[in-house]
There are 2 protein chains.
Amino acid sequence: MSFKEKGLLVVLSGPSGVGKGTVCKALRARGTHLQYSISVTTRKPREGEKDGIHYFFRDREQFQQMIREDKLLEWAEYVGNFYGTPVDYVRETINAGQDVILEIEVQGALQIKRRFPEATFIFLAPPTLGELKKRIIGRGTETADLIESRMSVAKSEMELMENYNYVVENDQVEKACDRIESIVLAEHCRVDHIIEKYKDSEGAD
Amino acid sequence: MSFKEKGLLVVLSGPSGVGKGTVCKALRARGTHLQYSISVTTRKPREGEKDGIHYFFRDREQFQQMIREDKLLEWAEYVGNFYGTPVDYVRETINAGQDVILEIEVQGALQIKRRFPEATFIFLAPPTLGELKKRIIGRGTETADLIESRMSVAKSEMELMENYNYVVENDQVEKACDRIESIVLAEHCRVDHIIEKYKDSEGAD
């Protein structure tokens, strides 16, 4: 009777513009029982941001040390600052039985897969590439050249879909959330995840 | 754009007494979008039973021929009559994009797995073996000896759980139904099931 069910690491990824942030926000609004992963960053805290809540704030020396000590599931540099996913935080949270969701671009997801293959990898896909283009244009923030370049990246990212466990189409945000919630519930029922529970109690009656 | 999504074959199984029939009935009552598999049988139709709706009624010679021609996913004899699952009916239904659910005991499920490994195998489990015993006793139809013998079969069937994809605990019928519905939705999002859709439309914009 010593079985304690672990949480899952759910990695939500997909091409830029597909709506990862919107879907995560909608999941939060539903009160879905998912812990959002907290990143480590070398950027300075903004007004109101708290260490251990919004980010783990570290200096560059500390961040480099985390890389050397293999303490990051993935990391990347973005406009002069480093960002990464701390492995200890993720492991402690799932060992406490809590599911963790991590929203990340495709390259980061593939880094995580090498370190943490037992995570649940969900590729958020646009209904079509044409629809993705419309969404990027709709933002109104990009030049024509930049749009073409983003579309070309998106096309190659779509080809990496087969590295994921699931593909969730983001045709409508609420439907995408339903699918993600179902995947999380289903993964808790997967035989590999739960069989120990029944092994422990086999003799009991 | 020629992609047509196939349905799933969902095999719901588990030890006798666990509540497979009750869970299937509750799924039907919800109007869950699942087609119930129709068995072939050699038993005579009862009042009101229609061929192709309640069963496919066949004589023994026809049934034997289906066995010889490998037209049954599984079959068994029960109190002098034969019962089986017709492979053509299942294949035609899922090719038409409709999910099929099949409620069956453990040995039948393992027969199906050999013929149709791509099906989704769900093991319906009692919270504990003690609870299963209570349910069997609660039916009030079995002698003490028969109860012990059924418990012993149930124990060995529990050990076959690892041949399944999912374990759904039947602690509460409605919760078990939620889990099964989530599994079906999640399986539709599995990369192997859906990736062709995106391969077909890759060039489209």
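Treat the numbers as computed from the prediction; the structure is a model and nothing was measured.

As for helix α5 (residues 129-139) of chain B
Residue and element names in this part refer to chain B.
Here is step 1: All of the buried residues along α5 are Leu 129, Gly 130, Leu 132 and Ile 136. Looking down the long axis of α5, one finds its buried residues gathered within 160 degrees of arc, a one-sided arrangement. Turned more than 90 degrees from where α5 packs its buried face, Lys 134 and Gly 138 sit exposed.
Here is step 2: Taken together, the buried residues of α5 touch α6 (144-158).
Here is step 3: Gly 140 sits one or two residues past α5 and shows a positive phi near 70 degrees.

Overview of the pattern of salt bridges
Here is step 1: If you walk through the whole model with that rule in mind, you get 29 salt bridges over all chains.
Here is step 2: Across the pair Glu61(A) and Arg68(A) runs a salt bridge, and its minimum N-O distance is 3.5 Å.
Here is step 3: With relative accessibility at 58%, the residue Arg68(A) sits in the exposed group.
Here is step 4: We note a salt bridge from Asp88(B) to Lys71(B), for which the minimum N-O separation is 3.3 Å. On the criterion of sequence distance, the pair formed by Asp88(B) in helix α3 (residues 87-95) and Lys71(B) in the loop between α2 (60-68) and β5 (72-78) is long-range, its members being 17 residues apart.

Remarks on the UniProt feature "domain: Guanylate kinase-like" (unreviewed entry) in chain A
Here is step 1: Taken from the UniProt record, the annotation "domain: Guanylate kinase-like" (unreviewed entry) applies to residues 7-185 of chain A.
Here is step 2: Split by type, residues 7-185 of chain A is 44% helix and 22% strand. Its first and last C-alpha atoms lie 11 Å apart.

Points about the pairing of strand β9 (residues 166-169) of chain B
Residues and elements named next belong to chain B.
Here is step 1: Residues Tyr 166 and Val 168 of β9 are buried on one face, and the alternating residues Val 167 and Glu 169, pointing to the opposite face, are buried as well.
Here is step 2: Of the strand pairs in this sheet, strand β8 (residues 120-125) and β9 are connected by 4 bridges, and their pairing is parallel. Note on β9: the bridge partner recorded for Ala 125 is Glu 169.

Notes on the packing of aromatic side chains
Here is step 1: In this structure the tally under the stated criterion is 17 aromatic pairs over all chains.
Here is step 2: In this structure, Arg190(A) is placed above the aromatic ring of Tyr166(B), and the distance from its NZ or CZ to the ring centre is 5.0 Å.
Here is step 3: Note that Arg28(B) overlies the ring of Tyr36(B), its terminal NZ or CZ placed 3.8 Å from the centroid.

What about the UniProt feature "binding site: ATP" (unreviewed entry) in chain A?
Residues and elements named next belong to chain A.
Here is step 1: UniProt tags Gly 14, Pro 15, Ser 16, Gly 17, Val 18, Gly 19, Lys 20 and Gly 21 as "binding site: ATP" (unreviewed entry).
Here is step 2: On the basis of relative accessibility, which here comes to 0%, the residue Val 18 falls in the buried class.
Here is step 3: Other than its neighbours up to four places away in sequence, Val 18 contacts Leu 124, Ala 125, Pro 126, Leu 132, Arg 135 and Asn 170.
Here is step 4: On the secondary structure map, Gly 19 appears in the loop between β1 (9-13) and α1 (20-30).
Here is step 5: Setting aside chain neighbours within four positions, we find Gly 19 in contact with Leu 124 and Asn 170.

A look at the sheet that holds strand β6 (residues 81-86) of chain B
Residue and element names in this part refer to chain B.
Here is step 1: Pairing is mixed across the open sheet formed by 4 strands, whose spatial order is β4-β3-β6-β5. Among the strands making up the open sheet, the edge pair consists of β4 (55-57) and β5. The sheet shows a mean angle of 25 degrees between the axes of neighbouring strands, taken without regard to direction.
Here is step 2: Bridging between β5 and β6 involves 6 bridges; their strand directions are antiparallel. Looking across to β6, one finds that Glu 77 is bridged to Phe 82.

Details of the relation of the copies chain A and chain B
Here is step 1: In screw terms, the move from chain A to chain B is a rotation of 180 degrees and a rise of 0.0 Å along the axis, fitting with an RMSD of 0.0 Å. In short, the pair behaves as if placed about a two-fold rotation axis. In terms of C-alpha distance to the rotation axis, chain A has Ser182(A) as its closest residue, with the C-alpha 2.2 Å off the axis.
Here is step 2: Residue by residue, 100% of the interface of chain A is reproduced at the interface of chain B, so both copies engage with the same surface.

A look at the domain arrangement of chain A
Residue and element names in this part refer to chain A.
Here is step 1: Segmentation of chain A into domains returns domain 1 (1-34 + 99-205) and domain 2 (38-97).
Here is step 2: Of note, the centres of domain 1 and domain 2, computed from C-alpha atoms alone, are 21 Å apart.
Here is step 3: Across the contact, 16 residues belong to domain 1 and 14 residues belong to domain 2.
Here is step 4: Summed over both sides, the interface of domain 1 with domain 2 buries roughly 1300 Å², with 58% coming from carbon and sulfur.
Here is step 5: Looking at the side of domain 1 facing domain 2, the largest losses of area belong to Val 100, Arg 115 and Phe 116, adding up to 41% of the total buried there.
Here is step 6: Our enumeration of links across domain 1 and domain 2 arrives at 2 salt bridges.
Here is step 7: Taking the shortest distance from any N to any O, the salt bridge between Glu 118 and Arg 91 comes out at 3.7 Å.
Here is step 8: Put simply, domain 1 and domain 2 have 5 residue pairs in polar contact (both at pLDDT 80 or more) between them.
Here is step 9: At the level of secondary structure, the elements contributing two or more residues to the side of domain 1 that touches domain 2 comprise β7 (100-103) and α4 (106-115).

Conventions we followed
- Residues numbered from 1 in each chain as written.
- Chains lettered and ligands numbered in written order.
- Predicted model: local features only at pLDDT ≥ 70, side-chain atom pairs only at ≥ 80, totals over all residues.
- Heavy atoms only, no water.
- Buried < 20%, exposed > 50% of the residue type's maximum accessible area, 1.4 Å probe, protein only.
- Helix = DSSP H or I, 4+ residues; strand = E, 2+ residues; numbered from the N terminus.
- Arc of directions from axis to C-beta.
- Contact = heavy atoms within 4.5 Å.
- Salt bridge = Lys/Arg side-chain N within 4 Å of Asp/Glu carboxyl O.
- UniProt positions renumbered as here; feature names shortened; annotations may be inferred.
- Pairing = 2+ DSSP bridges.
- Phe/Tyr/Trp six-rings, centres within 6.5 Å; stacked < 30°, edge-to-face > 60°.
- Lys NZ or Arg CZ within 6 Å of the ring centre and 35° of its normal.
- Axes fitted to C-alpha atoms, helices over the stretch in contact; angles between N-to-C directions.
- Least-squares fit on C-alpha atoms with pLDDT ≥ 70 in both.
- Domains from an automatic or database assignment.
- Buried area = accessible area lost by both parts, 1.4 Å probe.
- Polar contact = N/O pair within 3.5 Å; in protein donor to acceptor, adjacent residues only side chain to side chain.

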